[in-house]
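What the coordinates show
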Amino acid sequence: MLSYTRLMARLIGSVCDHPEIMAAYDATYMEPRRVLFGEILDRAKAEGALRPDADIENIMDMFIGAMITRLLLRGRPEGIEEVRDYIDRLFAQLFAEP
């Protein structure tokens, strides 16, 4: 995980001077995952777990922003379990109670 946070920090830091680097990373790594995440959220919306008017694009942006904040700006997590717990808490904020 340490190497991933360093990579992300360097990628984000390079956006102004070398946007093509982030574009390549986005196209090969982020976009396929964003598409899959969007499909999962669409399914959750169709099943009534999300509000009917939920904006999937905004939810994805909020989730990604929260993860960047947690991983890069608030100090590195102790380990993968801390990251998983954070993700679980993010999802708990998005989805309606059954």
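What you see is a predicted model, and the numbers here were worked out from it, not measured in a lab.

**Looking at the overall build of the protein chain**
- In terms of helices and strands, the protein chain carries 4 helices and 0 strands.
- The order of helices and strands in the protein chain, counted from the N terminus, is α-α-α-α.
- C-alpha extents for the protein chain along the principal axes are approximately 45 × 30 × 15 Å.
- Per-residue burial over the protein chain gives 24% buried out of 98 residues.
- Sequence separation of 24 or more characterises 47% of the internal contacts of the protein chain that already satisfy a separation of 6 or more.
- Of the roughly 6,900 Å² that the protein chain leaves accessible, carbon and sulfur atoms contribute 58%.
- Looking at charge distribution, the protein chain has the averaged site of its 12 positive side-chain charges lying 6 Å from that of its 17 negative ones.

**A word on the UniProt feature "domain: Tetracyclin repressor-like C-terminal" (unreviewed entry) in the protein chain**
- If you check UniProt for "domain: Tetracyclin repressor-like C-terminal" (unreviewed entry), the listed places come out as residues 5–89 in our numbering.
- Helix makes up 78% of residues 5–89 and strand 0%, whereas the separation of the span's terminal C-alpha atoms amounts to 20 Å.

**Remarks on the pattern of salt bridges**
- Under the defined criterion, the tally for this structure stands at 6 salt bridges.
- When the shortest N-O distance is used, the salt bridge between Arg-34 and Asp-61 registers 2.7 Å. Linking Arg-34 in helix α2 (residues 19–46) with Asp-61 in helix α3 (residues 56–73), this pair joins segments that are 27 residues apart in sequence.
- Put simply, Arg-89 and Asp-85 hold a salt bridge, and the shortest N to O gap is 3.0 Å. Linking Arg-89 with Asp-85, this pair stays in helix α4 (residues 80–94), spanning 4 residues, or about one helical turn.
- Shared partners join several salt bridges into a network, and the residues in it are Arg-34, Glu-57 and Asp-61.

**Brief notes about the side chain of Arg-70**
- Take Arg-70: it is sitting in helix α3.
- Sequence-distant contacts of Arg-70, defined by excluding residues within four places in its chain, comprise Gly-75, Pro-77, Glu-82 and Tyr-86.

**So, α3**
- Taking 1.5 Å as the rise per residue, α3 with 18 residues should run 26 Å; its terminal C-alpha atoms sit 25 Å apart, in good agreement.
- Those residues of α3 that sit buried are Ile-56, Ile-59, Met-60, Phe-63, Ala-66, Met-67, Arg-70 and Leu-71. Buried residues along α3 cover an arc of 130° about the axis, so they all sit on one side. Of the exposed residues in α3, those oriented more than 90 degrees away from the buried face are Met-62 and Leu-73.
- Gly-75 occupies a position one or two residues after α3 and carries a positive phi of about 95°.

Rules of the game
Residues numbered from 1 in each chain as written. Predicted model: local features only at pLDDT ≥ 70, side-chain atom pairs only at ≥ 80, totals over all residues. Heavy atoms only, no water. Helix = DSSP H or I, 4+ residues; strand = E, 2+ residues; numbered from the N terminus. Buried < 20%, exposed > 50% of the residue type's maximum accessible area, 1.4 Å probe, protein only. Contact = heavy atoms within 4.5 Å. Areas by Shrake-Rupley, 256 points an atom, 1.4 Å probe, with all protein chains shown as cover. Lys, Arg positive; Asp, Glu negative; His and termini not counted. Charge placed at Lys NZ, Arg CZ, Asp CG, Glu CD. UniProt positions renumbered as here; feature names shortened; annotations may be inferred. Salt bridge = Lys/Arg side-chain N within 4 Å of Asp/Glu carboxyl O. Expected span 1.5 Å × (residues − 1). Arc of directions from axis to C-beta.

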